[in-house]
Amino acid sequence: MLPVFDLTGKVMVVTGASKGLGRAFAKALAASGASVLGMARNREELECLRDEITDSGGRFDVAVADIVDENAVQAAVSFCLDRFGPPDVLVNNAGLGRVNKPFEDIETAEWRRTVDNNITGTFICCKYFGREMIKRQKGKIVNLASMSGIIANKGVHCGPYEVSKLGVVALTRSLASEWCKHHITVNALAPGYIATDRNSRFFEANPEWTRFALDLIPVGRMPTPDELGGAMVFLCSAASDYMNGAVLVMDGGYTVW
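Residues numbered from 1 in each chain as written. Predicted model: local features only at pLDDT ≥ 70, side-chain atom pairs only at ≥ 80, totals over all residues. Heavy atoms only, no water.

1. Digging into the overall build of the protein chain
Scanning the protein chain from terminus to terminus reveals eight helices and seven strands. In terms of overall dimensions, the protein chain is globule-like: its C-alpha atoms have a radius of gyration of 18 Å, near the 18 Å expected for 257 residues. Considered along the principal axes of its C-alpha atoms, the protein chain spans approximately 50 × 35 × 35 Å. Expressed as a percentage of its 257 residues, the buried residues of the protein chain come to 52%. Pairs at least 24 residues apart make up 74% of the contacts formed inside the protein chain by residues separated by at least 6 positions. A total accessible area of about 12000 Å² is found for the protein chain, and carbon and sulfur atoms account for 52% of it. Distance from the positive charge centre (27 side chains) to the negative charge centre (29 side chains) of the protein chain: 4 Å. (Helix = DSSP H or I, 4+ residues; strand = E, 2+ residues; numbered from the N terminus. Rg over C-alpha atoms; globule rule 2.2 N^0.38 Å. Buried < 20%, exposed > 50% of the residue type's maximum accessible area, 1.4 Å probe, protein only. Contact = heavy atoms within 4.5 Å. Areas by Shrake-Rupley, 256 points an atom, 1.4 Å probe, with all protein chains shown as cover. Lys, Arg positive; Asp, Glu negative; His and termini not counted. Charge placed at Lys NZ, Arg CZ, Asp CG, Glu CD.)

If you want it as structure tokens, here you go:
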């Protein structure tokens, strides 16, 4: 392994770490040597992940927090400082998925909940963990965007998910421009369709749509969450030190058309 990918001695925070992509990111970062604080609302799932990572020799601990609760996020920052030390990297993975309804049928409460979690929650975590990075004049932030924040997906209804993920891209670029003076880089990862447990249930229940979607992906398949772990290690490591304000798209080629 090239030394620039070694995360030994680094402190990483991953939100939404209890399942799906967040779980895969936490495992990949810990396997690369980082001490990882996993944040999510579900303590039981986080503790299962802690057992899995620590049994493999990694360093991982748990902070139960809702990212839209500022007091809970501040408590997670304090726990991180006490448990592992100042954060070197924040991975803003937590968020809500698609509201698959026509715009005219979306409840305002559904809209607000999605936008609040995906944009405001990301902002809150950037704000409080970012303050610790500013104190040290160094750090990295990786936000989870989506190919759906760049395009309108075919075959499904667009809505607050797409709007919020484009907002995450704008937040990423805005922070990148402002915080570079503090030696903090801010980038985004934009996955395409991923075979998470939740998505897989939708794919299985909608086989006709799934075949349609696969025909739009040049590589002809959907990846597992673990397949994005290497990209996250890259974005969190010294290998990406000259990236700032970038959006790394991993969609199997969906957006080339």
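Let's pick the thread back up.
2. Some points on helix 3 (residues 70-83)
Counted at 1.5 Å a residue, the expected span for helix 3 with its 14 residues is 20 Å, and the 20 Å between its end C-alpha atoms agrees. Of the positions making up helix 3, those classed as buried are Ala-72, Val-73, Ala-76, Val-77 and Cys-80. Buried residues in helix 3, looked at end-on, bunch into an arc of 145°, giving them a common side. Facing away from the buried side of helix 3 by over 90 degrees, the exposed positions are Asn-71 and Asp-82. Contacts made by the buried residues of helix 3 are with strand 1 (11-15), strand 2 (35-40), strand 3 (59-64) and helix 4 (108-136). (Expected span 1.5 Å × (residues − 1). Arc of directions from axis to C-beta.)

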